[in-house]
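Reading the structure
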Amino acid sequence: MKKYLLAVQYDESAPWPSEEDLREQQARTGQVTADMQSAGCWVFVGGLLGSHATTVVRPGNGVTTMTDGPFAETKEQLGGFWVIQCDDLDQALVWGERCALACGSPIEVRPFEDAQWT
């Protein structure tokens, strides 16, 4: 089976959802995760804090620098993700669609490399 990252794209310039909308979204995404677990394709899921909590570590010319903030000036950031394992991209895209509908946000579906990292 191949592994895929389903990355939630979050627009930080958009208004934050109301408490009720947030609870509904969490219920929808929780159901998708439960369905993934039942289907045997779920590996891992995680939500992320906003880019305000980001620290970037950059190597360069033998010196490493650390700066606060996101890696790029953009309003869209990684808001969360699922890691799943499926037979093929078509199956991963079906899960990606379900995640996008549950989150109300775009989902980037990206395959892992075939190489095994240890």
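Parameters at a glance
Residues numbered from 1 in each chain as written. Predicted model: local features only at pLDDT ≥ 70, side-chain atom pairs only at ≥ 80, totals over all residues. Heavy atoms only, no water. UniProt positions renumbered as here; feature names shortened; annotations may be inferred. Helix = DSSP H or I, 4+ residues; strand = E, 2+ residues; numbered from the N terminus. Buried < 20%, exposed > 50% of the residue type's maximum accessible area, 1.4 Å probe, protein only. Contact = heavy atoms within 4.5 Å. Areas by Shrake-Rupley, 256 points an atom, 1.4 Å probe, with all protein chains shown as cover. Phe/Tyr/Trp six-rings, centres within 6.5 Å; stacked < 30°, edge-to-face > 60°. Pairing = 2+ DSSP bridges. Axes fitted to C-alpha atoms, helices over the stretch in contact; angles between N-to-C directions.

If you look the chain up in an unreviewed UniProt entry, it shows as YCII-related domain-containing protein from Nonomuraea thailandensis. Under the UniProt heading Sequence similarities (unreviewed entry), the note attached to the chain is "Belongs to the YciI family."

Per the secondary structure count, the chain includes 2 helices and 6 strands. The secondary structure elements of the chain, listed N-terminal to C-terminal, are β-α-β-β-β-β-α-β. Along the first, second and third principal axes, the C-alpha atoms of the chain reach 45 × 40 × 20 Å. Expressed as a percentage of the 118 residues in the chain, the buried residues total 25%. Long-range pairs, those at least 24 residues apart, make up 74% of the contacts in the chain with a sequence separation of at least 6. Of the roughly 8,200 Å² of accessible surface on the chain, 55% is carried by carbon and sulfur atoms.

What follows covers the packing of aromatic side chains. For any two aromatic rings, the description comes down to two numbers: the centre-to-centre distance and the angle of the planes. As enumerated under the stated definition, the model contains 2 aromatic pairs in all. Between tyrosine 10 and tryptophan 16, the aromatic rings sit 5.9 Å apart at their centres with planes inclined by 80 degrees, giving edge-to-face as the arrangement. Taking the relative accessible area as the measure of exposure, tyrosine 10 reaches 24% and is therefore partly exposed. Take tryptophan 16: its relative accessible area is 58%, and that puts it in the exposed class. Seen from their ring centres, phenylalanine 44 and phenylalanine 81 are 5.8 Å apart, and the 25 degrees between their planes marks the pair as stacked. Within this pair, whereas phenylalanine 44 is found in strand S2 (residues 42-47), its partner phenylalanine 81 is found in strand S5 (residues 76-86), the two being separated by 37 residues in sequence.

Another aspect to go through is the sheet that holds S5. Strand order in the open sheet formed by 4 strands is S2-S5-S1-S6, and the pairing between neighbours is antiparallel. Of all the strands in the sheet, just S2 and strand S6 (107-111) have a single pairing partner and so form its edges. Here the average twist between neighbouring strands, direction ignored, is 20 degrees. Note that strand S1 (residues 2-11) and S6 share 5 bridges and pair antiparallel. Opposite alanine 7, over in S6, you have glutamate 108 as the bridge partner. Each of S1, S5 and S6 is contacted by helix H2 (residues 89-103), which is oriented at about 155 degrees to S6, the strand it contacts most.

It is worth spelling out the pairing of strand S3 (residues 55-60) at this point. Here is the key point about a regular strand: its side chains alternate between the two faces of the sheet. Of the pairings in the sheet, the one linking S3 to strand S4 (residues 63-68) comprises 6 bridges and is antiparallel in character. The partner of threonine 55 across the bridge, within S4, is aspartate 68. Hairpin connection from S3 to S4: 2 residues lie between these consecutive antiparallel strands, with asparagine 61 at a positive phi of about 55 degrees.

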